[in-house]
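An overview of the molecular structure
One letter stands for each residue in the lines below.
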Amino acid sequence: MKSRTAAFVLIASALTLSSAAVAQSTNNRPPAGPTGRMTQQQESWRFESEEMRRQNAMTPEEAEAEYGAERVALANRVQALIDEGKCREARALANEAGERQMALRIRQTCRSR
């Protein structure tokens, strides 16, 4: 279930986020405190942001209705490859399907692992 949810998050973010939006979202983060640790306000902001992402996550039915069963199936296959650590294969699969945004998101996701 976790990987299925992650696949829907992956497809939703890949299809809706542009490179500029990703850059802007990283620039909106408050700077770390003088010691490099997050302040109480920053921790609260982070918690609220994560909670909002969880609340706004799509159900499998909503994702299929929004993006089509083929794209959801592709996202599931891609997520399975990522879970196995096969990031290059996942990117190649997304590129072959013409999903450039998904391929970019895969690269970003795999970089952090």
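For the structure, check the block above.
Residues numbered from 1 in each chain as written. Predicted model: local features only at pLDDT ≥ 70, side-chain atom pairs only at ≥ 80, totals over all residues. Heavy atoms only, no water.

Focus: a positive patch on the surface
- The grouping of Arg88, Arg91, Arg100, Arg107 and Arg111 at the surface amounts to a positive patch.
- When residues of the positive patch are traced back to their parent elements, those giving at least two are helix H6 (87–96) and helix H7 (100–111).
- With three residues, H7 is the single largest residue contributor to the positive patch.
- With respect to the helices and strands, the residue Arg91 is situated in helix H6. (Patch = residues over 30% accessible without salt bridge, like charges linked within 9 Å, V, L, I, M, F, W, Y side chains within 5 Å. Areas by Shrake-Rupley, 256 points an atom, 1.4 Å probe, with all protein chains shown as cover. Salt bridge = Lys/Arg side-chain N within 4 Å of Asp/Glu carboxyl O. Lys, Arg positive; Asp, Glu negative; His and termini not counted. Charge placed at Lys NZ, Arg CZ, Asp CG, Glu CD. Helix = DSSP H or I, 4+ residues; strand = E, 2+ residues; numbered from the N terminus.)

Here we look at the pattern of salt bridges
- By the definition in use, this model includes two salt bridges.
- One salt bridge connects Glu99 with Arg71, and the closest N-O pair in it is separated by 2.8 Å. In this pair, Glu99 is assigned in the loop between H6 and H7 and Arg71 in helix H5 (residues 69–83), connecting sequence segments 28 residues apart.
- Take Arg71: its relative accessible area is 31%, and that puts it in the partly exposed class.
- A salt bridge links Glu84 to Lys86, with the shortest nitrogen-to-oxygen separation between them at 3.3 Å.
- What makes Glu84 exposed here is its relative accessible area of 51%.
- Exposure remark for Lys86: the relative accessible area of 36% places this residue in the partly exposed category. (Buried < 20%, exposed > 50% of the residue type's maximum accessible area, 1.4 Å probe, protein only.)

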